[in-house]
Amino acid sequence: MARRFKKHYTREEARELLPQIKEWLELLELSRLELEKNDRRLAGMMASGQDLGGNLVNKRVKVLAEIKETLRKFEEREIMIKDVERGLIDFPSMMGDKEVFLCWEKDEDDIEYWHDIDTGFAGREPL
């Protein structure tokens, strides 16, 4: 059976990454809030017919680049972000010869659940 992922995490490896992942999720949340604030200001300026550009647009581009860079950190490690706002993360793992996800949500203290690759959050089961 072909595997979908090159990297498979043990529970311990995934645990070790949690502090870093929490930081990345916080960065994504702060960037998202900054982007929303910036977009509201830009929308107001557009509605009033003002010229756009300068600091607001530059800041928007910078925030988008920060988001892209943070998402790349997850992608290069093959860690799946299922829901940024909830902080729902899946780590590819192996159970015997079966590929599964170790599942973690940002409010959880530890990685305590897993699910089949095709079932998602609804199929979570305790480890």
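The structure we're discussing is the one just above.
If you're wondering where the values come from, they're calculated on a predicted model, not measured in any experiment.

Rules used in this analysis
Residues numbered from 1 in each chain as written. Predicted model: local features only at pLDDT ≥ 70, side-chain atom pairs only at ≥ 80, totals over all residues. Heavy atoms only, no water. Helix = DSSP H or I, 4+ residues; strand = E, 2+ residues; numbered from the N terminus. Buried < 20%, exposed > 50% of the residue type's maximum accessible area, 1.4 Å probe, protein only. Contact = heavy atoms within 4.5 Å. Areas by Shrake-Rupley, 256 points an atom, 1.4 Å probe, with all protein chains shown as cover. Lys, Arg positive; Asp, Glu negative; His and termini not counted. Charge placed at Lys NZ, Arg CZ, Asp CG, Glu CD. Pairing = 2+ DSSP bridges. Salt bridge = Lys/Arg side-chain N within 4 Å of Asp/Glu carboxyl O. Polar contact = N/O pair within 3.5 Å; in protein donor to acceptor, adjacent residues only side chain to side chain. Expected span 1.5 Å × (residues − 1).

Trainee: Sorry, what's going on with the overall build of the protein chain here?
Mentor: For the protein chain, the helix and strand inventory stands at two helices and five strands. Helices and strands in the protein chain line up, N terminus first, as α-α-β-β-β-β-β. Relative to its full complement of 127 residues, the protein chain shows a buried share of 32%. For the protein chain, the proportion of contacts with a sequence separation of at least 24, taken over those separated by at least 6, is 46%. With an accessible surface of roughly 8200 Å², the protein chain has 50% of that area assigned to carbon and sulfur atoms. Averaging the positions of the 23 positive and the 29 negative side-chain charges in the protein chain gives two centres separated by 4 Å.

Trainee: Help me understand the sheet that holds strand 2 (residues 88-95), please; the structure alone is not making it clear to me.
Mentor: Note on sheets: strands pair through backbone hydrogen bonds, and any given pair is parallel or antiparallel. Taking strand neighbours across the sheet as the criterion, the five strands line up as 1-2-3-4-5 in an open arrangement whose pairing is antiparallel. Two strands bound the open sheet, and with one partner strand each, they are strand 1 (80-83) and strand 5 (125-126). Examined bridge by bridge, strand 4 (residues 113-116) and strand 5 share two bridges and lie antiparallel to one another. Across the sheet, Y113 pairs through a bridge with P126, a residue of strand 5.

Trainee: When you look at unusual backbone geometry in this model, what are you seeing that I'm missing?
Mentor: Note: most peptide bonds trans; most residues except glycine with negative phi. Positive phi values are uncommon outside glycine, yet E78 reaches one of about 60°. If you trace the backbone, E78 turns up in the loop between helix 2 (54-76) and strand 1.

Trainee: Mind showing me how you'd approach the pattern of salt bridges here?
Mentor: Between side chains of opposite charge, a pair can form when the charged atoms approach closely. Using the criterion set out here, one finds 18 salt bridges in the structure. D118 is the partner of R4 in a salt bridge, and the nearest nitrogen-oxygen pair spans 2.9 Å. Of this pair, R4 sits in the segment before helix 1 (11-47) while D118 sits in the loop between strand 4 and strand 5, and the two are 114 residues apart along the sequence. The exposure classification of R4 matches that of D118, with both residues exposed. Across the pair E76 and R72 runs a salt bridge whose closest N-O atoms are separated by 2.3 Å. With E76 and R72 both in helix 2 and four residues apart, this pair spans about one turn of that helix. With relative accessibility at 47%, the residue E76 sits in the partly exposed group.

Trainee: Help me out: how do you make sense of the side chain of S93 in this one?
Mentor: Of note, S93 is situated in strand 2. A polar contact of 2.7 Å, which involves the side chain of S93, links it to the backbone oxygen of Y9. When residues no more than four places from it in sequence are discounted, the contact partners of S93 are H8, Y9, K98, E99, V100 and L102.

Trainee: Is there a simple way to explain the side chain of R124 in this structure?
Mentor: The residue R124 is located in the loop between strand 4 and strand 5 in this model. At 2.5 Å, the side chain of R124 forms a polar contact with the side chain of E108. Those residues in contact with R124 that lie beyond four places of it in its chain are L88, C103, E105, E108, Y113, W114 and H115.

Trainee: So what exactly am I meant to see when it comes to helix 2 here?
Mentor: It helps to recall that an α-helix has 3.6 residues per turn; residues three or four apart then point in one direction. Its 23 residues place the ends of helix 2 33 Å apart at the C-alpha level, agreeing with the 33 Å of an ideal helix rising 1.5 Å per residue. Along helix 2, the residues classified as buried are L56, V63, I67, T70 and F74.

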